[in-house]
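# Examination of the molecular architecture
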Amino acid sequence: AEGLKNMSIRGLKKKQPKTFKVRIITVDAEMEFSCEMKWKGKDLFDLVCRALGLRETWFFGLQYTIKGMCTWLKMDKKVLDQEIPKEDPISFHFLAKFYPEKVEEELLQEITQHLFFLQDSFACFNCIKNFYGDYDPNFHEPGFLAHDELLPKRVLRQYQLTAEMWEEKITAWYAEHRGIARDEAEMNYLKIAQDLEMYGVNYFPIQNKNHTDLLLGVDAKGIHIYSINNRFSPNKSFEWSSIRNISCSEKELTIKPLDKKAEVFKFFSSQLKVNKLIFQLCIGNHDLFMRRRKVDSIEIQQMKAQAREEKARKKLKLGERGK
């Protein structure tokens, strides 16, 4: 009997799968998980989404940096078979990979809205609210934000506004939203952010057939071509609905318009990896573009109904508080 017991214990030990550790970094938190060696990217991604309580998974991805280039973990390939950093634990950033066209209509879960808000704003508004309390015009005089670095330098460079202009905009918005709930404040912020020219655009340096340096931008609405020093106004745009085909080979990427008489646009990037990343973002954005124009799935219909019920419940609660 003792021999059988030892054999069964050894048998159990052998069945334990080998694992590796990963660190998942969101905008405001870190988590660690043990993953099985055989896991694909989707297995890890699904685990993270479950841990966050996130259902609107299609907007997000796991990003990492290898050889100075940011890339995304492939869902259909084993994690350890991909060119990932050799570190323990392996670090991935959980970030929005694709953006909605209309934030108010598409971001249904509060957690989804919150993740987008954090990524877009780096918690600028929450930082002000938590640090200064409700806006008081007698106390918060001009210049009260001047000495606090509430916006990262990347954002300051990106939108090319002076410190005074930022302060004016932030102060006006801050004063206007006294006493409102966090989720409502965050959605208001996102509605303003989505109207900015650079919102949700991924930029890549490219060259055309004449070897002119340009920028290519990919977003929820299509592909845009910019001059190298202007990320605001594209010289040319290809809406997803007007594109017949996109193909990728080596360092060349070709965009064929739906109109067969229109010129085929070819461009070149410095690396095959960059081309593959552009192609991946094009496919994902195009899929979401088409999906938005179809009848909602049962899951989306249920989520929209739940979101409406939750908003009504919160509104009722606020009304009762105000009595």
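Note that this is a predicted model, so its numbers are computed, not measured. (Residues numbered from 1 in each chain as written. Predicted model: local features only at pLDDT ≥ 70, side-chain atom pairs only at ≥ 80, totals over all residues. Heavy atoms only, no water.)

We now examine the side chain of Glu-106. Looking at the element boundaries, Glu-106 is found in helix α3 (residues 103-106). With a relative accessible area of 17%, Glu-106 lands in the buried category. From its side chain, Glu-106 meets the backbone nitrogen of Glu-101 in a polar contact 2.9 Å long. Setting aside residues no more than four positions away along its own chain, Glu-106 makes contact with Glu-56, Phe-59, Pro-100, Glu-101 and Arg-292. (Helix = DSSP H or I, 4+ residues; strand = E, 2+ residues; numbered from the N terminus. Buried < 20%, exposed > 50% of the residue type's maximum accessible area, 1.4 Å probe, protein only. Polar contact = N/O pair within 3.5 Å; in protein donor to acceptor, adjacent residues only side chain to side chain. Contact = heavy atoms within 4.5 Å.)

Position of Gly-217 among the secondary structure elements: in strand β7 (residues 213-218). A residue is classified by how much of its surface remains accessible, and Gly-217, at 0% relative accessible area, is buried. For the pair formed by Gly-217 and Val-201, sequence separation is 16 residues and the distance between their alpha carbons is 5.7 Å. Excluding residues within four positions of it along the chain, Gly-217 makes contact with Val-201, Asn-202, Tyr-203, Gly-222, Ile-223, His-224 and Tyr-226.

The peptide bond linking Asp-88 to Pro-89 adopts the cis configuration, its omega dihedral lying at 0 degrees. The topology assignment puts Pro-89 in the loop between β4 (69-72) and β5 (90-96). Positive phi is not limited to glycine here, since Lys-67 has a value of about 55 degrees. Relative to the helices and strands, Lys-67 is located in the loop between β3 (60-66) and β4. Note on Lys-67: relative accessible area 71%, which makes it exposed. Non-glycine residue His-211 carries a positive phi angle of around 65 degrees.

This part is about the environment of Lys-67. Residues Lys-67 and Glu-83 lie 16 residues apart in sequence; the distance between their C-alpha atoms is 9.8 Å. Residues within four places of Lys-67 in sequence aside, it is in contact with Glu-83 and Lys-273. Of note is the side chain of Lys-67, whose polar atom sits 3.1 Å from the side chain of Glu-83.

So, on to the sheet that holds β3. Reading across from one edge, β2-β1-β5-β3-β4 is the order of the 5 strands in this open sheet, with mixed pairing throughout. Each edge of the open sheet is held by one strand with a lone partner, namely β2 (30-36) and β4. In this sheet, adjacent strand axes meet at a mean angle of 35 degrees when their direction is disregarded. Note: strand β1 (residues 19-25) against β5, 4 bridges, orientation parallel. Across the sheet, residue Ile-24 finds its bridge partner in β5, namely Phe-92. Against the sheet, helix α2 (residues 41-52) contacts β1, β2, β3 and β5, and its axis sits at roughly 140 degrees relative to β2. The strands touched by helix α4 (residues 110-121) are β3 and β5; relative to β5, the strand with the most contacts, the crossing angle is about 105 degrees. (Pairing = 2+ DSSP bridges. Axes fitted to C-alpha atoms, helices over the stretch in contact; angles between N-to-C directions.)

Right, let's talk about the packing of aromatic side chains for a bit. Geometrically, a pair of aromatic rings is defined through the distance of the ring centres and the angle of the planes. A complete count under the given rule lists 12 aromatic pairs for this structure. With centroids separated by 6.2 Å and ring planes inclined at 50 degrees, the aromatic side chains of Trp-58 and Phe-59 adopt a geometry described as tilted. Overall, the relative accessible area of 2% leaves Phe-59 in the buried class. Ring plane angle 85 degrees and centroid distance 5.6 Å describe the contact between Phe-59 and Phe-116, whose orientation is recorded as edge-to-face. (Phe/Tyr/Trp six-rings, centres within 6.5 Å; stacked < 30°, edge-to-face > 60°.)

Next up on the list: the side chain of Thr-112. Of note, Thr-112 is situated in helix α4. Excluding its chain neighbours within four sequence positions, the residues that come into contact with Thr-112 are Leu-54, Glu-56, Phe-59, Phe-60 and Leu-107.

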